[in-house]
Amino acid sequence: MITDGLIFDMDGTIWDNTELFAQSWNRAANDCGYPDIYTADTLKGLFGRTMKEIADASIPDEDPEKRYACLELCEEYEMADFEKSDVDTTYQGLKETLIALSEKTKLFIVSNCQSGYIELFLNKSGLGYLFTDYICYGDNGLGKADNIRHIVEKHNLKTPAYIGDIQGDKNACDEANVGFIWASYGYGDTMDECVAEVKDIRELVNIVE
């Protein structure tokens, strides 16, 4: 396929932090008075949504303000724990793939994560120089479809494609009228349709001209 901009999702597409974050999130849940809630598999089923949606789906409290406050603590703990961690959680071959893709097209990131999360990845990985731009839910409170449109319009992209791993990513692409590449190695088990499927992130190099 020919594209003038490849837009990446984060969790389940670029890396998998669920083992580390399950510990961080349970510690936050405990500090808020809840029992252990999260496992790596639980987080795989939750990631991709906005943080408020995750709180509503996972924290057993009728008071929304308490749910959201707990999720903010989850975010705080995960960022602190990840910054201290020396474990490489990126998918194998990511660096080589991004370098090769950057020689063919512009690279971007759009995620439903909190502010600072993308920057932490770019700084820790040393790959920030490969990306033209990025934006997330935490930056402006907008969902994935709106932020995909923002990147497309800001950079005047004519044939963009988004790579993500779950149905919610595909739905956002449909809303934004952007082609969707399914990272089936990620967290999603099924997909209704896509312009291409990659079972390993390294396969992207062969499908993008």
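Conventions used here
Residue positions within a chain follow its written sequence, with the count starting from 1. In keeping with the predicted nature of the model, local features appear solely for residues at pLDDT of at least 70, side-chain atom pairs appear and are counted solely at 80 or more, and the whole-chain, interface and lining totals rest on all residues. In computing side-chain properties, one takes all heavy atoms of the structure into account and sets aside hydrogens as well as water. Three labels apply to residues, based on accessible area from a 1.4 Å probe with only protein chains included: buried if under 20% of the type maximum, exposed if over 50%, partly exposed otherwise in between. Helix and strand assignments follow DSSP, with helices taken as H or I runs no shorter than four residues and strands as E runs no shorter than two, numbered in order from the N terminus. Pairs of strands are assigned from DSSP output, requiring at least two bridges between the strands. For the handedness criterion, the strands are oriented away from the viewer, and a crossover whose path from the first strand over the helix to the second runs clockwise is classed as right-handed. When checking whether two residues touch, look at their non-hydrogen atoms; a contact exists if any pair is within 4.5 Å.

K.L.:
I'm lost on the pairing of strand β4 (residues 160-164) in this one. Help?
P.N.:
Here is the key point about a regular strand: its side chains alternate between the two faces of the sheet. Extensive coverage of β4 is indicated by the burial of five of its five residues. Side chains Pro160, Tyr162 and Gly164 of β4 all project onto a buried face; the interleaved residues Ala161 and Ile163 project onto the opposite face, where all are buried too. Bridge count for β4 against strand β5 (residues 179-183) is four bridges, and the pairing is parallel. Each bridged residue has a counterpart across the sheet, and for Tyr162 the counterpart in β5 is Phe180. Running through helix α9 (residues 167-176), the crossover from β4 to the neighbouring parallel element β5 is right-handed.

K.L.:
Would you mind going over the environment of Gly93 with me for this structure?
P.N.:
Structurally, the position occupied by Gly93 is in the loop between α4 (64-84) and α5 (94-102). Owing to a relative accessible area of 15%, Gly93 belongs among the buried residues under this scheme. For the pair formed by Gly93 and Asp200, sequence separation is 107 residues and the distance between their alpha carbons is 8.7 Å. Setting aside anything within four residues of it in sequence, one finds Gly93 in contact with Ile201 and Arg202.

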